[in-house]
Amino acid sequence: MRSVIDILDLTKEEIAELISVAEDIIQNPDNYREKCKHKKLATLFFEPSTRTRLSFEAAMYELGGNVLSISDGESSSASKGESVHDTIKVVNCYADVIAMRHPKEGAALVATMASDIPVINAGDGGHNHPTQTLADLLTIHREKGTLDNLTVGFCGDLKFGRTVHSLIHALTRYENIKVVLISPEELKLPDYMLEDMAAHGLEYVETTSLEEYMGELDVLYMTRVQKERFFNEQDYIRLKDSYILSPEKLMPAKSDMIILHPLPRVNEITVAVDEDPRACYFKQVLNAKFMRMALILKVLEEATK
Ligand code: CP
């Protein structure tokens, strides 16, 4: 069964194909209106979400399919102690494909072991968020015309940031990528990720300064310091405003640098930056829906082979 738990579950060629299908959906939406007629997507969200759940659901509706949803673990039998394994067994009786978000790392993998239908990881703790990465890659491709030869800065919570981890994994496959890792000492990228980048020959540098490499970046990927990942509120309060991107901070940046953010934003990008033509984070939201449409089509096609 074709599930997508990690962005590396998709080959580089498959990602190129998904980008191509997403572009076709954007150009010819009417051709896709009935592609998933009579199919059902179950969105199982045991952790809060706005974009991911709604865009999966919008994606399925735009493909002519239907949606079943758990939007809050507290309103499901998980709150009575039902395991992920049993929940997935049950949902297999109702749906054709599952998109699941869970606060525990590895929960999506556990779900695949119980499932005879495809499972798409919609975020598992601080681990992976592959469909956000698909949205990021489509946005970079649309805005820069390539996924090669880019200097990409990641700023904020690089320790727990699952969107950062997934996108860096994806970038290890492209040519001549340089990565600038901008974070406080306490939120540095985990060692296993640094080792992975080194193993793939990805050039990287770590810094605590948002300003230091600003003029070299082609893509600046801002992230939120995530309150929900901290054990100690004092640490969160101390670190939450480590970086605040403003029009002044952008002055040394290239005129064609793009600014991405998986959202939600708290304070890390001022609202004034939204007016800058380089701000692409709301385009990212829309692109996510098209990539999720392409992915739902792909896993359902493979499931019926
Ligand atoms: N980017 C993202 O995962 O947003 P949500 O948490 O709102 O789904």
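Residues numbered from 1 in each chain as written. Predicted model: local features only at pLDDT ≥ 70, side-chain atom pairs only at ≥ 80, totals over all residues. Heavy atoms only, no water.

Student: Hey, could you run me through the overall build of the protein in this one?
Tutor: Looking only at helices and strands, the protein has 9 helices and 9 strands in total. Expected size for 305 residues packed as a compact globule is a radius of gyration near 19 Å; at 19 Å, the protein falls within 12% of this value. By its C-alpha atoms, the protein is 55 × 45 × 40 Å across when sized along the principal axes. Buried positions account for 55% of the 305 residues belonging to the protein. As presented, the protein carries roughly 13200 Å² of accessible surface, and 49% of it is formed by carbon and sulfur atoms. Once the 34 positive and 48 negative side-chain charges of the protein are each reduced to a mean point, those two points are 4 Å apart. (Helix = DSSP H or I, 4+ residues; strand = E, 2+ residues; numbered from the N terminus. Rg over C-alpha atoms; globule rule 2.2 N^0.38 Å. Buried < 20%, exposed > 50% of the residue type's maximum accessible area, 1.4 Å probe, protein only. Areas by Shrake-Rupley, 256 points an atom, 1.4 Å probe, with all protein chains shown as cover. Lys, Arg positive; Asp, Glu negative; His and termini not counted. Charge placed at Lys NZ, Arg CZ, Asp CG, Glu CD.)

Student: Would you explain the site of the ligand in this entry?
Tutor: Surveying the vicinity of the ligand reveals the residues Ser49, Thr50, Arg51, Thr52, Arg101, His129, Gln132, Pro262 and Leu263. Within the side chain of histidine 129, one N or O atom sits 2.9 Å away from an oxygen atom of the ligand. Within the complex, the protein chains bury 91% of what would otherwise be the 250 Å² of accessible surface of the ligand. Partitioning the shell around the ligand into residue classes produces 2 nonpolar, 5 polar and 2 charged. Viewed by domain, the shell around the ligand spans two of them, domain 1 (7–128 + 287–303) and domain 2 (130–284), each represented by three or more residues. (Near = heavy atom within 4 Å. Polar contact = N/O pair within 3.5 Å; in protein donor to acceptor, adjacent residues only side chain to side chain. Nonpolar A, V, L, I, M, F, W, Y, C, P; charged D, E, K, R; others polar. Domains from an automatic or database assignment.)

Student: Sorry if this is basic, but what is going on with the sheet that holds strand β4 (residues 119–124) here?
Tutor: Within a beta sheet, neighbouring strands are joined by backbone hydrogen bonds and run either parallel or antiparallel to one another. Ordered in space as β2-β1-β3-β4, the 4 strands form an open sheet in which the pairing is parallel. On the outer flanks of this sheet lie β2 (66–70) and β4, each paired with one strand and no other. Mean inter-strand twist for the sheet, computed between neighbouring axes without regard to direction, equals 15°. (Pairing = 2+ DSSP bridges. Axes fitted to C-alpha atoms, helices over the stretch in contact; angles between N-to-C directions.)

Student: Explanation requested: unusual backbone geometry in the structure shown.
Tutor: Across residues other than glycine, the phi torsion is negative in most instances, and most of the peptide bonds are trans. With an omega of 5°, the peptide bond between leucine 263 and proline 264 qualifies as cis. Structurally, proline 264 can be placed in the loop between β9 (258–260) and α9 (281–303). Here the phi dihedral of leucine 263 falls at roughly 65°; this positive angle occurs in a residue that is not glycine. In this fold, leucine 263 is placed in the loop between β9 and α9.

Student: Even after reading the chapter, I still don't get the side chain of glutamate 268, so can you show me in this structure?
Tutor: Along the chain, glutamate 268 turns up in the loop between β9 and α9. The buried charged residue glutamate 268 lacks any salt bridge partner; its closest oppositely charged side chain belongs to arginine 224, at an N-O distance of 5.6 Å. A distance of 2.6 Å separates polar atoms of two side chains, one belonging to glutamate 268 and the other to histidine 261. Every residue in contact with glutamate 268, bar those within four places of it in the chain, is listed here: Met222, Thr223, Arg224, Tyr243, Ile244, Leu245 and His261. (Salt bridge = Lys/Arg side-chain N within 4 Å of Asp/Glu carboxyl O. Contact = heavy atoms within 4.5 Å.)

Student: When you look at the packing of aromatic side chains in this model, what are you seeing that I'm missing?
Tutor: Considering all chains together, one arrives at 2 aromatic pairs under this definition. An angle of 50° between the planes, with centres 5.5 Å apart, marks the rings of phenylalanine 154 and tyrosine 221 as tilted. Of this pair, phenylalanine 154 sits in strand β5 (residues 151–155) while tyrosine 221 sits in strand β8 (residues 219–222), placing them 67 residues apart in sequence. Look at phenylalanine 154 and you get buried, because its relative accessible area is 0%. (Phe/Tyr/Trp six-rings, centres within 6.5 Å; stacked < 30°, edge-to-face > 60°.)

Student: What is the right way to look at the pairing of strand β3 (residues 97–102) in this model?
Tutor: Here is the key point about a regular strand: its side chains alternate between the two faces of the sheet. A large share of β3 lies buried, amounting to 6 of its 6 residues. Residues of β3 alternate between two faces, with Val97, Ala99 and Arg101 on one and Ile98, Met100 and His102 on the opposite face, all of them buried. As paired elements, strand β1 (residues 40–45) and β3 share 5 bridges and run parallel to each other. Within the sheet, the bridge partner assigned to leucine 41 lies in β3 and is valine 97. Read as a crossover between parallel neighbours, the route from β3 over helix α4 (residues 107–114) to β4 is right-handed. (Right-handed = clockwise from strand over helix to strand, strands pointing away.)

Student: What exactly am I supposed to notice about the side chain of histidine 261 here?
Tutor: Assignment of secondary structure puts histidine 261 in the loop between β9 and α9. A relative accessible area of 1% places histidine 261 in the buried class.

Student: What should I look at first to understand the domain arrangement of the protein in this one?
Tutor: Think of interface size as the accessible area that goes away when the parts come together; that is how it is often given. Partitioning the protein into domains gives domain 1 (7–128 + 287–303) and domain 2 (130–284). The distance between the C-alpha centroids of domain 1 and domain 2 comes to 25 Å. Of the roughly 2500 Å² buried between domain 1 and domain 2 on both sides combined, carbon and sulfur atoms contribute 57%. If you sort the residues of domain 1 by the area they bury against domain 2, Ile7, Lys12 and Asn287 come out on top, with a joint share of 27%. (Buried area = accessible area lost by both parts, 1.4 Å probe.)

Student: Can you help me understand the sheet that holds β5 in this one?
Tutor: In spatial order, the strands read β7-β6-β5-β8-β9; together these 5 strands make up an open sheet with parallel pairing. Only two strands of the sheet have a single partner each, and these edge strands are β7 (203–207) and β9. Geometrically, the sheet is characterised by an average inter-axis angle of 20° between neighbouring strands, direction not taken into account. Pairing geometry for β5 and β8, over 4 bridges, is parallel. Residue pairing across strands places cysteine 155 opposite methionine 222, the latter belonging to β8. Against the sheet, helix α5 (residues 130–144) touches β8 and β9, its axis set at about 170° to β9. Sitting on the sheet, helix α6 (residues 162–171) is in contact with β5, β6 (178–182) and β8, with an inclination near 165° to β5.

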